[in-house]
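What follows is the residue order along each chain.
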Amino acid sequence: MCLVTCSDEFQGELRAGFDRDVAQPLMAPLTMQQRRIFTVSNLGGRIEPGALELANDHFTVKTRTGGAKLLLVEVASHVGKILDGHEHTYGTLDRFGVRSPCCGALTMLLEKPRSSQTVRHPWFEQLSAFFGPERLAELRADEGPLRLVRTAVVHTVLQVETAIDDLFRDPPATPTHVLICAVLVINQRGPDTAVLVGCHHLRFDGRRVWVEAGASLRARPDAMDVQVENGRLRIVSRPLRDDAVSHDVELTSVVGIAQRAASLGAVERVLKAGLTRPEVVLEAERVRELAAHAVTRSIELETYARPLLRAVLQRISRTQPELGLAVLYLSANAGSRRASELSAFFARNATDEQARSAFVEFERELQELDALVARPILGFLFGV
């Protein structure tokens, strides 16, 4: 069991309920009462890089030699709700008689901490990197009553993608099923409720990974329709095919990406050389197997394209950071800071260490890629 949630005291009901209603009935009797749940609790409820790798390692005991285990992960963001007469107000709640933002961390993300110009806030920097400038600008410009609901949904979906990224990058070494449930908890007077915003079933056999089932709301505020109907939240994501992609049009097809690569000179040469390396060929085989299996399950690969691309590039860049940078350059919007800095990088002779540092600086921007851009980039690189 792994629970990822905000540090907020209003999530105490969720933590107690997860232990009582989920962990106790399902966990193997081998585990002791105090050791049932690996918990990640921080401001906003963020997946710490490597957290699921540790959780998996801690619970992998008997399955080192045989059998399989289930790693159940719940990722929960939250938003407050107050009922005034027949009016529902989301994004705030009553703390000891005083109205207070909830989730406080996500509210601060939208409004920026007052001291952020003079004091480093690692959680704020991490959340800002997860959301990216486009999503944040849109959410900060939203003055509607359901702004924090949209923010919390986007946050939850992005955290789940980070969890999937971690699992794809460093998969369990023994047979493991991973079930990830993503929820938006509604803190209110009386029992809390929750909205399911995503659910994913991944399977690992120690060598390969498959997506057995999965569905999710979108991580784009403009693709989300949020309404309150008879006191209940109704959240609908616009289908991927209806997207008006904000990236360069040429990045929405394999042919367009190939043309972009051909125009970048040194980048195309790095791609051609790097993609033939044995370790990259092996990665390509893994991606194609995953994609083929997803098709048999009628699963849209677009749902997993962004975390899959990010995980593969992270793995490849351990030994070939320049190849990872080439893909980051290829996927950058023309005129962006990333495009200009990586153009300068490929114009000079850089060491592997310099390439690795540059990759670490820019790779998180892959979170901003539209799914309809990430998908053809996978097709261009690995033929899926």
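Residues numbered from 1 in each chain as written. Predicted model: local features only at pLDDT ≥ 70, side-chain atom pairs only at ≥ 80, totals over all residues. Heavy atoms only, no water.

Engineer: Account for the pattern of salt bridges, naming residues and giving values.
Structural biologist: It is possible for side chains bearing opposite charge to pair when their charged atoms get close. Overall, the coordinates contain 29 salt bridges when judged by the stated rule. Across the pair D142 and R150 runs a salt bridge, and its minimum N-O distance is 3.4 Å. Summarising the burial analysis for this pair, D142 and R150 share the class buried. Between D370 and R220 there is a salt bridge, with its nearest N and O atoms 2.2 Å apart. Remark: R220 occurs in the loop between β9 (209-216) and β10 (224-229) and D370 occurs in the loop between α12 (352-362) and α13 (371-382); sequence separation between them is 150 residues. What you see here is one network of salt bridges that share partners, running through D165, D166, R169, D170, R310, R318 and E363. (Salt bridge = Lys/Arg side-chain N within 4 Å of Asp/Glu carboxyl O. Buried < 20%, exposed > 50% of the residue type's maximum accessible area, 1.4 Å probe, protein only. Helix = DSSP H or I, 4+ residues; strand = E, 2+ residues; numbered from the N terminus.)

Engineer: Quick rundown of the pairing of strand β1 (residues 2-6)? Include the residues and the values.
Structural biologist: Within a regular strand, side chains alternate between the sheet's two faces. Burial within β1 is extensive, with five of its five residues counted as buried. With five bridges connecting them, β1 and strand β2 (residues 38-42) associate as parallel partners. Within the sheet, the bridge partner assigned to V4 lies in β2 and is V40. Examined bridge by bridge, β1 and strand β3 (residues 69-84) share four bridges and lie parallel to one another. Among the inter-strand pairings, C2 is bridged to a residue of β3, identified as V73. (Pairing = 2+ DSSP bridges.)

Engineer: Which residues make up unusual backbone geometry, and what values go with them?
Structural biologist: That bond from C102 to C103 is cis: its omega, 10°, falls within 30 degrees of zero. By the secondary structure assignment, C103 is in the loop between β6 (98-101) and α3 (104-111). Its identity is not glycine, yet F96 carries a phi of approximately 55°, on the positive side. Position of F96 among the secondary structure elements: in the loop between β5 (92-95) and β6. Judged by relative accessible area, F96 falls into the exposed class, the value being 83%. The backbone of S298 sits at a positive phi, close to 55°, despite the residue not being glycine. For S298, the location among the structural elements is in the loop between α8 (278-296) and α9 (302-316). Under the relative-accessibility criterion, S298 is labelled exposed at 70%.

Engineer: Describe α8, with residues and values.
Structural biologist: Between the first and last C-alpha of α8 there are 27 Å, a value that for 19 residues agrees with the 27 Å anticipated at 1.5 Å per step. Of all the residues in α8, the buried ones are V280, E283, A284, R286, V287, L290, A291, H293 and A294. Of the residues trailing α8, S298 is marked for its positive phi of about 55°. (Expected span 1.5 Å × (residues − 1).)

Engineer: Account for the state of the cysteines, with residues named and values stated.
Structural biologist: Taken as a whole and judged by the stated rule, the model has zero disulfides. Take C2: it sits in no disulfide, and the sulfur closest to it among the cysteines is that of C181, at 12 Å. We classify C2 as buried; its relative accessible area is 0%. (Disulfide = S-S within 2.5 Å.)

Engineer: Explain the packing of aromatic side chains to me, and be specific about the residues and the numbers.
Structural biologist: Aromatic ring pairs: the centre-centre distance and the angle between the two ring planes describe each pair. Tallying each qualifying case throughout the model produces three aromatic pairs. Each ring, one from W123 and one from F124, has its centre 6.0 Å from the other, and the planes form 80°; the classification is edge-to-face. Grouping residues by exposure puts W123 and F124 together as buried. Pairing Y329 with F346 gives two aromatic rings, centres 6.0 Å apart and planes at 15°, and the pair type is stacked. With Y329 in helix α10 (residues 321-330) and F346 in helix α11 (residues 337-346), this pair connects stretches of sequence that are 17 residues apart. Among the residues examined, Y329 registers a relative accessible area of 14% and is labelled buried. Given the relative accessible area of 14%, F346 is considered buried. Sitting over the ring of W210, R203 keeps its end group 4.5 Å from the ring centre. (Phe/Tyr/Trp six-rings, centres within 6.5 Å; stacked < 30°, edge-to-face > 60°. Lys NZ or Arg CZ within 6 Å of the ring centre and 35° of its normal.)

Engineer: Any details on α3? Residues and values, ideally.
Structural biologist: Of all the residues in α3, the buried ones are A105, L106, T107, L109 and L110. The first or second residue beyond α3 is K112, which carries a positive phi of 70°.

Engineer: So, the environment of C103: which residues are in play, and what are the values?
Structural biologist: On the basis of relative accessibility, which here comes to 1%, the residue C103 falls in the buried class. Sequence separation between C103 and G335 is 232 residues, and the spatial gap between their C-alpha atoms is 35 Å. Not counting the four nearest positions on each side in its chain, C103 is found in contact with C6, G44, H78, V79 and L148. (Contact = heavy atoms within 4.5 Å.)

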